[in-house]
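# What the coordinates show
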Amino acid sequence: MKEKWQIWKEKADSLLNFITHKKTVKGARITYQVFWNLFLLLLTVVILGGAFATGVGAGYFASLVKDEPVRSYEGMKKDIYNYTETSDLYFADNVYLGKLRSDLVRDEVKLNQVSDNVINAVIATEDEYFYEHKGVVPKAVFRALFQEVTNSPIQSGGSTLTQQLIKNQILTNEVSFQRKANEILLALRLEKFFDKKEILEAYLNVATLGRNSSGQNIAGVQAAAKGIFGKNASELTLPEAAFIAGLPQSPFGYTPFTREGTVKNNLEPGITRMKTVLKRMYDGGYINEKQYAEASAYDITKDFTPSVPNPLDNYPWLTFEIEKRAIDVLTTGLAKKDGHTEKDLKQDENLYYKYKTMASHDLRQNGYQIHTTINKDIYDAMQVVKDNYKYYGPDKPEEKEDPETGEKKTVMEPVEVGAELIENSTGKIISFVGGRDYNKQQLNHATSAVRQNGSTMKPLLVYGPAIELGKAAPGTPLPDVELRLDKSKSTPWPHNYDKRYSGLVSARYALAKSYNVPAVKLYSEIVDQRPAQYLEKMGFTSLTKGDYTNLATSIGSLDNGVTVEENTNAFSTFANSGKFIDAYLIDKIVDKDGKIIYQHEVKPVDVFKPQTAFLTIDMMRDVINMGTAAGVKSKLNFSADWAGKTGTGNNYFDSWFVAFNPNVTLGIWTGYDTQKSLKTSGMSYSQRTNNLWAELMNAAYKIKPDLVAPKESFQMPEGIVKTSYCAVSGLLPSAACSKAGLVESDYFNAKDVPTKVDDSLIEGNYVTIGDSKYLALDSTPKEFTQYGTILNPDFINRMVGNDFKNISQLIPNRGRWDNVLVSSAKMADNGKKPDSVTLTASGNTLTWSAPADNDIVGYRVYQGGFFGAKIASINSGSSLSYNVGNGSFYVTAVDIAGNESAPSNVVEVGVLTQQ
């Protein structure tokens, strides 16, 4: 034992001697100094490197944010609270329609209107340090930066609610270091300006949260609460709040609804995310274990609100029309604020596009209330009529090219319809019908389809302007004959729809029966005064240079065409005593603060004098009373003072009827989108259109009878007189006109009453040969002539020109014109005596045959054998027979020159009986 201890002692002494040895101590000191110096050097390098890195990082950060302006409190407040809020649409009388078609539906809500469940769920899930940080959590930023630099598959994110708010409201979703740097800078600044409640409220209004039960994109917890669970944000339960709070991570992955508004087949991702939110709420101490367990087990699908039709589904044409018109009025308003006029916008496409883009942005983001003139009940009732009407006519095949495949295929096209009801005195569009089926054809046939307006053009462009210019009155005679008014054509033009002619007719009658020739003839006499300017004043927007000179414009053949709204609106000018009041649909636009930023103003435009308007109205009354729309009144369930006009487009492509009373105007068009004839067997195309017009009007009457069926009639203004005139010339009656029974009376503008006496008729004698009448010759026996009147050649020349040859066509085939001839109705002497006739007797009746001569004006009956006494003269237009007593008789024929034929054979009547 001692030996072992002695050994250890010796070793210890040896070690001590080594350590304390002078050389050993010197070597240890040198080694220590070397390591210490190395440590100091490394520490220096680390400090300098860190400082350098920090400087470089700070410099880099500064370079990233150098272009970001220093934002003021007011500026940031405006940006943060500038929520993209969807505009609301209203029918007339503040009846709610729905949300504007938008990429995003949002409803603003205050923080105190949001359930604590939602607030706690959002904070626990999106920003657990929300109440502690100053806008940014450094370790989260560095963690996200490291993950980004290393391209880590796990991306935990580093944005606080404050940063997310900055990204949504001020910056963009661009993925870049520069945007992230700006986001951090602005988040720090935002936290200095706003308290946590303000930031949280703003976030809860801007977060993107998937789709609602209408399939619309939604943002903000109020829109999500309504759109997903059908309740306000203040009423959300714990599981509902957790479901909504989980949506921001993947709004369209977790949302329960499809784009069509139906519930998804696979809801597991959203439910799993809800449970994750609940777990974070439990871990954060917001809920206890029991609440966590119950909420996690809850069947959230029971709370999903039923699918709600999008306003666009129920009112597609109306929704789009409101949007389009609202953008138009906002575009003009924004431009005017910057000192531009409507003319500037029309002339500068880039300027127009700029302000239209701004207007569209405002409409979708500023939460406006858009109030319209559309009466919901009338609108709904008219759609029902349109859908149930059975007499549109047949679908017809049309070959179309598939836009995707380029293949041609045959589809069946239906007859389409467009109609619009306007209140005359204000221009309010009360209702319209956009088409048959929006899913098949989105074109609004009431407001956007441009078509030829046929004969509905006549009162607008021909008769109204002609009366205004003093060139016509309702009683003005016009020629309805085979004219060639277009010298470029080798055949007569225009034609009437029935291919027949009626001779001289009054303007009133020509309009009632919709004759084309009189209208074009009258228009040709005023076209150099550019009557198409009246159409401009009445709101026609698609006129071309050719429409001002082309005679076919007078019967509705336009280079482009006209919409139902424009055509209907123009007719209301007459109801407004000659003032055009532009139709409108947007009544006012109110911002979310209740301020009216647009209010429609009625601005009448003088078009016609009141006298002109009344005279044209009175003519159009006859269209409905006895003209082409005569059957309409019997289809109506009420009475009113109606005036209107039918119209047919070229080749029967379009059918129109526009009619108005003192309160409203309803215009309707039917036709195929690809032009095809509307003519079919059975009910005529015009009847089908007119009957649908009547059903639409009856539907409106049932809703608002006081509006649709005024008790008052159109009032005659001062300056209208009723005066007699000659129906041939329109001048004051002459003695010849009076004798002929051709004096009529009608209304005139007192300033345009005729002052000259009629010179159109010349008195004279005529004869009847067969069914025709001819002027008597000087040698024509008076016994065979009749007194009558003859059209003055000078008058004929004034009426139809000296090129017109078929002058007899001027004489109407109506009773009182029977004794009127034309000067060319002459028959020359053929230079020979007529052939004799053959006479027979039956009882006391003599009968004879007509000779072959075509100039026989009459027959003479003689008694007593040859060289007997003349007992009767019979006109050739009469029956070739005569009743006599007993005796011997013969007959001769007399021609227009007075030549008499040889006696016929002699017959005996009653002689044998006496013997």
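Below is a short write-up of the structure. Note that the structure is predicted; figures quoted are calculated from it, not measured. (Residues numbered from 1 in each chain as written. Predicted model: local features only at pLDDT ≥ 70, side-chain atom pairs only at ≥ 80, totals over all residues. Heavy atoms only, no water.)

## A look at the overall build of the protein
In terms of helices and strands, the protein carries 29 helices and 32 strands. Looking at the protein as a whole, 51% of its 915 residues qualify as buried. Sequence-distant contacts, at least 24 apart, represent 68% of the contacts inside the protein between residues at least 6 apart. Carbon and sulfur atoms make up 51% of the accessible area of the protein, which amounts to about 44300 Å² in all. (Helix = DSSP H or I, 4+ residues; strand = E, 2+ residues; numbered from the N terminus. Buried < 20%, exposed > 50% of the residue type's maximum accessible area, 1.4 Å probe, protein only. Contact = heavy atoms within 4.5 Å. Areas by Shrake-Rupley, 256 points an atom, 1.4 Å probe, with all protein chains shown as cover.)

## Notes on the packing of helix α18 (residues 376-388) against helix α25 (residues 685-703)
Running from N to C, α18 and α25 point in directions that differ by 145°, and their axes come no closer than 9 Å. At the point where α18 passes α25, the crossing takes the right-handed sense. Judged by residue contacts, D377, I378, A381, M382 and V385 of α18 engage L692, E695, L696, A699, A700 and I703 from α25. Taken together, the residues that form the contact of α18 with α25 break down as 9 nonpolar, no polar and 2 charged. (Axes fitted to C-alpha atoms, helices over the stretch in contact; angles between N-to-C directions. Left-handed = near helix turned anticlockwise from the far one by under 90°. Nonpolar A, V, L, I, M, F, W, Y, C, P; charged D, E, K, R; others polar.)

## Considering the side chain of E323
Tracing the backbone shows E323 in helix α15 (residues 316-337). Here E323 is in contact with L100, R101, L363 and R364, once residues within four sequence places are set aside.

## Considerations on the state of the cysteines
By the definition in use, this model includes 1 disulfide. Here C726 connects covalently by a disulfide to C737, the sulfurs 2.3 Å from one another. Between C726 and C737, the S-S dihedral sits near 100°, and the bridge is therefore right-handed. On the criterion of sequence distance, the pair formed by C726 in strand β20 (residues 720-726) and C737 in helix α27 (residues 735-739) is long-range, its members being 11 residues apart. (Disulfide = S-S within 2.5 Å.)

## Considering the pairing of strand β6 (residues 369-372)
Relative to β6, strand β1 (residues 88-90) runs parallel, the two being bridged by 3 bridges. Residue pairing across strands places L89 opposite I370, the latter belonging to β6. By the bridge criterion, 4 bridges tie β6 to strand β14 (residues 586-590) in an arrangement that is antiparallel. Along β14, the bridge assignment pairs I370 with I589. (Pairing = 2+ DSSP bridges.)

## Things to note about the sheet that holds strand β3 (residues 105-106)
Here we have 3 strands laid out as an open sheet, ordered β3-β5-β4, and mixed in their pairing. At either end of the open sheet lies a strand with only one pairing partner, and these are β3 and β4 (208-211). Of the pairings in the sheet, the one linking β4 to strand β5 (residues 217-219) comprises 2 bridges and is antiparallel in character. Residue pairing for β5: R211 is matched across the bridge by N217.

## So, the sheet that holds strand β29 (residues 869-875)
Read across the open sheet, the 4 strands follow the order β29-β28-β31-β32; overall the sheet is antiparallel. At either end of the open sheet lies a strand with only one pairing partner, and these are β29 and β32 (907-909). Taking the axes of each pair of neighbouring strands and ignoring which way they run, one obtains an average angle of 30° across the sheet. Two elements, strand β28 (residues 856-863) and β29, share 6 bridges in a ladder whose sense is antiparallel.

## Topic: unusual backbone geometry
The peptide bond linking W493 to P494 adopts the cis configuration, its omega dihedral lying at 5°. Structurally, P494 is set in the loop between β11 (477-480) and β12 (503-506). Here the phi dihedral of D93 falls at roughly 60°; this positive angle occurs in a residue that is not glycine. Inspection of the secondary structure assignment puts D93 in the loop between β1 and β2 (96-99). Positive phi, normally seen in glycine, also occurs at R530, with a value near 50°. Assignment of secondary structure puts R530 in the loop between α21 (516-524) and α22 (532-537). Accessibility expressed as a relative area gives 40% for R530, which makes it partly exposed.

## What about the pattern of salt bridges?
What the rule picks out here adds up to 35 salt bridges. As a salt-bridge pair, E191 and K196 come within 2.9 Å of each other at their nearest N and O atoms. Just as E191 is buried, K196 falls in that class too. The partner of K832 in a salt bridge is D853, with the nearest N and O atoms 2.6 Å apart. With K832 in the loop between β25 (820-822) and β26 (839-842) and D853 in the loop between β27 (845-848) and β28, the pair connects residues that are 21 residues apart, well separated along the chain. What makes D853 buried here is its relative accessible area of 11%. One network of salt bridges, with partners in common, ties together R508, D618, R621, D622, D641 and D746. (Salt bridge = Lys/Arg side-chain N within 4 Å of Asp/Glu carboxyl O.)

## Digging into empty space enclosed by the protein
Scanning the entire structure with this criterion turns up 2 cavities of 30 Å³ or more. Every residue along the wall of the largest cavity is listed here: Y389, Y391, Y392, V415, T670, L678, Y685, R688 and T689. The element contributing the most residues to the lining of the largest cavity is α25, with 3 residues. Residues of the lining of the largest cavity, tallied by class, amount to 6 nonpolar, 2 polar and 1 charged. The computed volume of the second largest cavity comes to approximately 50 Å³. If you trace the second largest cavity, you find it lined by V122, Y203, L204, A207, L209, V221, I244, A245 and P248. Looking at the lining of the second largest cavity, the elements that each hand over two or more residues are α8 (196-206) and α10 (238-245). Of the residues belonging to the lining of the second largest cavity, the class tally is 9 nonpolar, no polar and no charged. (1 Å grid on protein atoms, 1.4 Å probe; cavity = no way out; pocket = protein on both sides within 12 Å on 5 of 7 lines; lining within 4 Å. Points joined across faces, edges and corners; volume = space filled by probe spheres on them.)

## A closer look at the side chain of E566
Within the secondary structure, E566 is located in helix α23 (residues 564-575). Not counting chain neighbours up to four residues away, the residues in contact with E566 comprise M538, G539, F540 and T541.

## What to know about the layout of surface pockets
The gaps left among the atoms become clear once a water-sized probe is rolled over them. The space that makes up the second largest pocket amounts to roughly 1800 Å³. Looking at the lining of the second largest pocket, the elements that each hand over two or more residues are α15, α16 (342-347), α22, α23 and β15 (596-599). For the lining of the second largest pocket, the element with the most residues is α15, which contributes 9 residues. Taken together, the residues that form the lining of the second largest pocket break down as 14 nonpolar, 10 polar and 14 charged.

## Details of the nonpolar core
Within the largest apolar cluster, 122 residues are counted, with the highest numbers of intra-cluster contacts made by Y463, W693, M697, L791 and L810. Ignoring sequence-local partners within four residues, the contact set of Y463 consists of K458, L478, A507, A510, L511, P518, A519, L522 and M619. Counting 57 residues, the second largest nonpolar core, distinct from the first, contains L165, L204, V206 and A207. (Core = buried A, V, L, I, M, F, W, Y, C linked by side-chain atoms within 4.5 Å.)

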